[in-house]
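The primary structure of each chain is shown beneath.
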Amino acid sequence: MAGNSNSGRPRKSDEEKKRDGTFRPDRSAAAYAEKDANKVITGLFFSEVPVPSLPLDEYGKATYEKWARLLIDQGKLTSVTAAHCESLGLIDMRINQKVTSGKVPTADDMKQRTSVIRMLGVAENAPVIAGKAKNRFEGAGFSNSRSSPFRLRPLRSSGSGEL
């Protein structure tokens, strides 16, 4: 579905939809804003990083505090997101222990880490810094070259005009 946050395609503006004749009031920017407003978590927001309830070593605690500070700066640190930061600190602590003992972190550790970071939603409202999105079908189709790799031999006439 076009326009959701996971499709990689931004929604068309209401003006574009009206111009194309596809505008529907239930799919307008105002309707999406109202739906998004219902998803906002209300409740207790922390103004300072709380003490973690899990026993974290120095590395895990540093990770916890780093992500909690990012959430405080965005006004998103709640008891739920603080628990996610603790989980991330615990996962990073486990990964660090494996790396320092000469082992390779498992793919499951990395997947868990990525999943928790995604749940934190730190970069979900960040502006796009990349340039214009490249069209993946840009190179498909006919070649732009007009020259053929095959050359035809010129006709040699016998002078009578017949072939």
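Thresholds, definitions, all that
Residues numbered from 1 in each chain as written. Predicted model: local features only at pLDDT ≥ 70, side-chain atom pairs only at ≥ 80, totals over all residues. Heavy atoms only, no water. Helix = DSSP H or I, 4+ residues; strand = E, 2+ residues; numbered from the N terminus. Buried < 20%, exposed > 50% of the residue type's maximum accessible area, 1.4 Å probe, protein only. Salt bridge = Lys/Arg side-chain N within 4 Å of Asp/Glu carboxyl O. Phe/Tyr/Trp six-rings, centres within 6.5 Å; stacked < 30°, edge-to-face > 60°. Lys NZ or Arg CZ within 6 Å of the ring centre and 35° of its normal. Core = buried A, V, L, I, M, F, W, Y, C linked by side-chain atoms within 4.5 Å. Contact = heavy atoms within 4.5 Å. Expected span 1.5 Å × (residues − 1). Arc of directions from axis to C-beta. Polar contact = N/O pair within 3.5 Å; in protein donor to acceptor, adjacent residues only side chain to side chain. Axes fitted to C-alpha atoms, helices over the stretch in contact; angles between N-to-C directions. Parallel < 35°, antiparallel > 145°, perpendicular 65-115°, else oblique. Left-handed = near helix turned anticlockwise from the far one by under 90°. Nonpolar A, V, L, I, M, F, W, Y, C, P; charged D, E, K, R; others polar.

Caption draft 1: View of the environment of Gly-75. Examined against the element boundaries, Gly-75 turns out to sit in the loop between helix H3 (58-74) and helix H4 (79-100). Note on Gly-75: relative accessible area 46%, which makes it partly exposed. As for Gly-75 and Phe-45, which are separated by 30 residues in sequence, their C-alpha atoms are 7.3 Å apart.

Caption draft 2: Here's a closer look at the pattern of salt bridges. Per the counting criterion, the structure on display carries six salt bridges. Through salt bridges with shared partners, a single network forms among Lys-12, Arg-19 and Asp-20.

Caption draft 3: Layout of the packing of aromatic side chains. The full count for this structure, using the stated rule, is zero aromatic pairs. Here Arg-11 stacks its cationic end above the ring of Tyr-32, 3.7 Å away from the centre of that ring. When the ring centre of Phe-23 is taken as origin, the NZ or CZ atom of Lys-18, which lies over that ring, is 5.0 Å away.

Caption draft 4: Structural detail: the nonpolar core. Judged by nonpolar contacts, the single largest core of 15 residues is most densely connected at Trp-67, Leu-71, Leu-77, Cys-85, Leu-88, Leu-120 and Val-122. If sequence neighbours within four positions are ignored, Val-122 has contacts with Trp-67, Leu-70, Leu-71, Gln-74 and Lys-76.

Caption draft 5: How the structure looks around H3. Compared with an ideal rise of 1.5 Å per residue, which puts 17 residues at 24 Å, H3 spans 25 Å between its outermost C-alpha atoms and is within 8% of the ideal. Residues of H3 that are buried include every one of Gly-60, Thr-63, Tyr-64, Trp-67, Ala-68, Leu-71 and Ile-72, and no others. All buried residues of H3 fall inside an arc of 165° around its axis, so they share one side. Those residues of H3 that are exposed and aimed more than 90 degrees away from the buried face are Glu-58 and Asp-73. Against the buried residues of H3 lie H4 and helix H5 (107-120). For H3, the capping residue at the N-terminal end is Asp-57, with a side-chain oxygen 3.2 Å from the backbone nitrogen of Tyr-59. Of the residues flanking the end of H3, it is Gly-75, one or two places downstream, whose phi is positive at about 75°.

Caption draft 6: Main features of the environment of Asp-92. Within the secondary structure, Asp-92 sits in helix H4. Here Asp-92 falls in the buried class, since its relative accessible area comes to 7%. Excluding residues that lie within four positions of it along the chain, Asp-92 makes contacts with Tyr-59, Thr-63 and Arg-113. Among the polar contacts made by the side chain of Asp-92, one reaches the side chain of Thr-63 at a distance of 3.3 Å.

Caption draft 7: Structural view of the packing of H4 against H5. With their axes 10 Å apart at the nearest point, H4 and H5 run at an angle of 155° to one another. Considering their axes alone, H4 and H5 lie roughly antiparallel with respect to each other. Two packed elements cross with a definite hand, and for H4 against H5 that hand is left-handed. Of H5, the residues touching H4 (which contributes Thr-81, His-84, Cys-85, Leu-88, Ile-91, Asp-92, Arg-94, Ile-95 and Lys-98) are Asp-109, Met-110, Gln-112, Arg-113, Val-116, Ile-117, Met-119 and Leu-120. Each residue belonging to the contact of H4 with H5 can be placed in one class, and the counts come to nine nonpolar, three polar and five charged.

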